[in-house]
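Below are the chains, spelled out letter by letter.
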Amino acid sequence: MGWTADDIPDQTGRVAVVTGANGGLGLETTRELARKGALVVMGVRNREKAERAVAEVRAEIPDARLEVRALDLASLASVSAFAERVIGEHAAVDLLINNAGVMGIPRGSTADGFEMQFGTNHLGHFALTAQLMPALVHTAGARIVTVTSTSRHAATKLDPEDLNLERKYSPWGAYGRSKIANMDFALELNHRLERAGAAAVSLAAHPGYSKTDLQARSARAHGGASQRFFAATVQWVGMSPSNGALPQLRAATDPEARGGDLYTPRWVNSGSPVRRPITGLRNRPDTMQTLWKISESATAIEFDVEALSSGDDS
């Protein structure tokens, strides 16, 4: 039998931050971490939906420890406000699950003028991780898990001269670009944490083909044939959200998991969560370092892992 949520160790006394925690994989991640005793800080954009999610979790787990905090990853100001509040309330954060995202939508821009999918899925999480790092980097056993996708294999190339895809925009190419950025960020972050001798580690996970509202929202936003196709077929062949969340839950909690690991469904897009080797030219060190520099410039954040690890975060 494969790894299940029953295998999650006791999380009592741990603080977990989950983005997109009010629905889909984020809600399932929140539910299982709370079930095991963690205090979960729910980063959410829709407060009303979050209140329904909290009620749902507490109906099942009456003693669930949940904190709802406003977070819009498409706004760097919102990210900063969220991170400041979390650090003000929690000196140590044990888990950061970079889960939230948008998928296959028409071309749009974040509040700061970045292409919406790259800006939300990658830059928002890059900025959030950087600003929560003081609460993560010295916490023994802390883990940052960033959620990627098999769509990373069909990514539009990252062009520093056309960061916002003004020359040519493809909804799925842009989505893939954001997802390979998630993957490369997770790997480069772990490399820098290791080099700095930090207590925290970084991992990646992808949920496979999961039956969440992500496909339906994409179809509503774009209305294209491919979006409608995925929204329909996921209802027939997609995994449940509870199963889709297992790769990121295993990456976050399995005592055997190590920094730099990738967890995926056993059969690419379905099945129990397993550790997979990371292959392919997309993960070349120069590509990851270029992404890091671009992300620092775009967010105006100097993400110096070594300085944060040494305590010099000035």
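Note that this is a predicted model, so its numbers are computed, not measured.

(A) View of the overall build of the chain. Each helix and strand in the chain was counted, giving 11 helices and eight strands. The buried share of the chain, reckoned over its 314 residues, is 57%. Taking the intrachain contacts of the chain between residues at least 6 apart in sequence as the baseline, contacts between residues at least 24 apart amount to 76%.

(B) Spatial organisation of unusual backbone geometry. Non-glycine residue Leu165 carries a positive phi angle of around 55°. Along the chain, Leu165 falls in the loop between β5 (143-147) and α5 (171-196). A positive phi angle, close to 60°, is found at Ala300, a residue other than glycine. Mapped onto the fold, Ala300 is located in the loop between α10 (285-299) and α11 (305-310). Judged by its relative accessible area of 71%, Ala300 is exposed.

(C) Layout of the nonpolar core. Met133, Leu189 and Phe303 are the most contacted members of the largest nonpolar core, which has 42 residues in total. Elements supplying a minimum of two residues to this core: β1 (15-19), β2 (39-44), α3 (76-89), α4 (116-136), α5, α10 and α11. If you tally residues by element for this core, the top one is α4, at 10 residues. Apart from the residues within four sequence positions on either side, Phe303 is in contact with Phe126, Thr129, Ala130, Met133, Phe185, Leu189, Trp292, Glu296 and Leu308. Among the nonpolar cores identified, the runner-up in size contains 34 residues, and Trp3, Met42, Leu66 and Ala245 belong to it.

(D) Representation of the side chain of Asn190. Tracing the backbone through its elements, the reader meets Asn190 in helix α5. Among the polar contacts listed, one links the side chain of Asn190 to the backbone nitrogen of Ser202, at a separation of 3.1 Å. Residues in contact with Asn190, not counting those within four places in the same chain, are Val201, Ser202, Gly259 and Gly260.

(E) Representation of the sheet that holds β5. Read across the open sheet, the eight strands follow the order β3-β2-β1-β4-β5-β6-β7-β8; overall the sheet is mixed. In the strand order of this sheet, the two ends are held by β3 (65-70) and β8 (273-276), each with one partner. Averaged over all neighbouring strand pairs, the angle between strand axes comes to 20°, with direction disregarded. Against the sheet, helix α2 (residues 47-60) engages β2 and β3, with an angle of about 175° to β3.

(F) Layout of the confidence of the model for the chain. On average, residues of the chain carry a pLDDT of 90, and 88% of them reach 70 or more. Throughout residues 218-222 the model reports pLDDT below 50, and contacts reaching past four residues in sequence, or to other chains, amount to 16 contacts.

(G) Representation of α2 within the structure. For α2, spanning 14 residues, the distance from its first C-alpha to its last is 20 Å, which sits close to the expected 20 Å at 1.5 Å a residue. Against α1 (24-35), β2 and β3 lie the buried residues of α2.

(H) How the structure looks around the pairing of β1. Among the five residues that make up β1, five are buried, leaving the element largely enclosed by the rest of the structure. Residue alternation in β1 divides its side chains into two sets, Val15, Val17 and Thr19 and Ala16 and Val18, and both sets are buried. Bridge analysis of β1 against β2 gives five bridges, and the strand direction is parallel. Counted as the bridge partner of Val18 is Met42 from β2.

(I) Looking closely at the packing of α1 against α2. Interhelical geometry of α1 versus α2 gives an angle of 35° and a closest axis separation of 11 Å. Crossing angle aside, the handedness with which α1 passes α2 is right-handed. Residues Leu27, Arg31 and Arg35 of α1 lie in contact with α2, whose contacting residues are Ala53, Glu56, Val57 and Glu60.

(J) Layout of the pairing of strand β7 (residues 262-265). Across two bridges, the pairing between strand β6 (residues 201-205) and β7 is parallel. Note on β7: the bridge partner recorded for Ala204 is Leu262. Pairing of β7 with β8 involves four bridges; the strand directions are antiparallel. Residue pairing for β8: Leu262 is matched across the bridge by Arg276.

Definitions and cut-offs
- Residues numbered from 1 in each chain as written.
- Predicted model: local features only at pLDDT ≥ 70, side-chain atom pairs only at ≥ 80, totals over all residues.
- Heavy atoms only, no water.
- Helix = DSSP H or I, 4+ residues; strand = E, 2+ residues; numbered from the N terminus.
- Buried < 20%, exposed > 50% of the residue type's maximum accessible area, 1.4 Å probe, protein only.
- Contact = heavy atoms within 4.5 Å.
- Core = buried A, V, L, I, M, F, W, Y, C linked by side-chain atoms within 4.5 Å.
- Polar contact = N/O pair within 3.5 Å; in protein donor to acceptor, adjacent residues only side chain to side chain.
- Pairing = 2+ DSSP bridges.
- Axes fitted to C-alpha atoms, helices over the stretch in contact; angles between N-to-C directions.
- pLDDT = per-residue confidence, 0-100.
- Expected span 1.5 Å × (residues − 1).
- Left-handed = near helix turned anticlockwise from the far one by under 90°.

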